[in-house]
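Examination of the molecular architecture
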Amino acid sequence: MGANSSLLSPESTDGSSHPAKIQLGDIPESCVALVLSYLDPPEICKLARLNRAFRAASSADFIWDAKLPLNYHHLVEEYLMKNPSKLGKNEIYRRLTRPVRFDAGNKEFWLDKRTGGLCLSISCKALTITGIDDRRYWNFIPTDESRFHTIAYLQQIWWLEVEGDMDFSFPTGTYSLLFKLRLGRFTKRPNRWVSNHDDGVHGWDIKPVQFQLSTPDGQHVVSKCFLENKGIWEYHHVGDFVVDDSNVSTKIKFSLAQIDCTHTKGGLSVDSVLICPCNLVKDFKALL
Amino acid sequence: MIADEIVLSFPNITRVTMSKVLEYCNIHGAGADDETRAFDEQFVDVDQKTLFDLVLAAHDLKIKMLYDIVGERTGDMMKGKTPEEIRIIFNIGENSCVDDHPLQKELNPWAFE
């Protein structure tokens, strides 16, 4: 390290010291990298613009290696590209924060930029919906309100059953599973008046719907709730599950059902199922 | 004639900083416990200049534990601050070289989307 006496020289006897501005070359890159490693990725990237030393330090592999999930190598090889060893860890992190589509484009996963937590979204097209082939009951409707540009809309049915499963190598952690649903065909807008009589929403206040999720290792959650609040998308929290080992894929099954055949129900929009680290649920809900 | 004492010279570390480093090493000599943790908390509760001096000293002297706690504290002090605020607080100059990175303003746009 160069001997720049301006900052590091002994302080003058009267206690005053006015160090000249630290210039590039006085800050070992590894020092800067260590300090940056305690910040979250957006902040690291912000400070990379400070000067050349910070820019170089911000791409230090060890910083990003710690931010990536333990099984990132598997995720990249399986879903992004073979042989990612040529990419810096910074670049790998960047790529994984963009949604990675798979399964014929009906599913996607990404890392949350700030925390590195893995999030996964499953389109309604990848769900098993009873009666989906009968247009009297269900229709797929194109819309920009969905990240998959399609929602499934329920006109009317006796037997509501929407099931799905996901076999994925989740990094270790606790995850929440949520259904993104809306009562009604349209989202309420401030300047649009939607008639309460024509929107087809009915039957949800008679009996609650039931959500379930389960894993092969015996985790099982059942919850019930009445669907309310017409015209807005909501994330309905089904439950949480724990992943202990990121080297083994987790197979999770989940469902939404209301099969009480004494009444019909209808006017329900189903967008997708979201799986995310449980500490990010409030962030997703805030986005709606 | 063989010298009967060894002189170590660290021209880049001030007397004040070195005495703090030695204080840290003495406290931590016996291993970590509640007392050392309490000591660490007040040890890093210093002004930015002192902290930065400690980061550089710990780096040069390769004292990992000290390096980690002062590095973490410095990182904490940077959280939530703009690059300009950090320039001022830590007395960091800009790089005024002619061949500055052409994409300086567009570094890592993904993090801000």
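Here's a quick rundown of the structure. Values in this document were obtained by computation on a predicted structure and should not be read as measured data.

Moving on: the environment of Gln219 of chain A. All names here are of chain A. Locating Gln219 in the fold gives a position in the loop between strand S9 (209–214) and strand S10 (220–225). Sequence separation of Gln219 and Glu43 is 176 residues, and the distance between their C-alpha atoms is 37 Å. Sequence-distant contacts of Gln219, defined by excluding residues within four places in its chain, comprise Leu213, Ser214, Phe241 and Val242.

To continue, consider the packing of aromatic side chains. All names here are of chain A. A complete count under the given rule lists 20 aromatic pairs over all chains for this structure. Their ring planes at 25° and their centres at 5.4 Å tell us that Tyr79 and Phe168 sit as a pair that is stacked. Separated by 89 residues along the polypeptide, Tyr79 in helix H6 (residues 72–79) and Phe168 in strand S7 (residues 160–168) bring together distant segments of the chain. Classification of Tyr79 by relative accessible area gives partly exposed; the value is 23%.

Put simply, the largest pocket is a space of about 360 Å³. Contributing to the lining of the largest pocket are 17 residues, with Trp110, Arg147, Tyr235, Phe284 and Leu287 of chain A lying nearest its centre. When residues of the lining of the largest pocket are traced back to their parent elements, those giving at least two are strand S3 (118–123), strand S13 (268–277) and helix H8 (281–287) of chain A. Of the residues that constitute the lining of the largest pocket, the class distribution is eight nonpolar, three polar and six charged. Empty space within the second largest pocket amounts to approximately 240 Å³. Residue lining of the second largest pocket: Pro42, Thr97, Arg98, Pro99, Trp110, Leu111, Asp112, Lys113 and Arg147 of chain A together with Trp110, Ala111 and Glu113 of chain B, and that is the complete set. A per-class count over the lining of the second largest pocket returns six nonpolar, one polar and five charged. Counting the residues that make up the lining of the second largest pocket, at least three belong to each of domain 1 (72–101) and domain 2 (102–287) of chain A.

Below, the discussion takes up unusual backbone geometry. All names here are of chain A. With a phi angle near 55°, Ala104 is a residue other than glycine that sits in the positive phi range. Topologically, Ala104 is positioned in the loop between strand S1 (100–102) and strand S2 (107–111). Relative accessible area serves as the criterion here: at 77%, Ala104 is assigned to the exposed category. One non-glycine residue, His149, adopts positive backbone phi at about 60°.

Rules of the game
Residues numbered from 1 in each chain as written. Chains lettered and ligands numbered in written order. Predicted model: local features only at pLDDT ≥ 70, side-chain atom pairs only at ≥ 80, totals over all residues. Heavy atoms only, no water. Helix = DSSP H or I, 4+ residues; strand = E, 2+ residues; numbered from the N terminus. Contact = heavy atoms within 4.5 Å. Phe/Tyr/Trp six-rings, centres within 6.5 Å; stacked < 30°, edge-to-face > 60°. Buried < 20%, exposed > 50% of the residue type's maximum accessible area, 1.4 Å probe, protein only. 1 Å grid on protein atoms, 1.4 Å probe; cavity = no way out; pocket = protein on both sides within 12 Å on 5 of 7 lines; lining within 4 Å. Points joined across faces, edges and corners; volume = space filled by probe spheres on them. Nonpolar A, V, L, I, M, F, W, Y, C, P; charged D, E, K, R; others polar. Domains from an automatic or database assignment.

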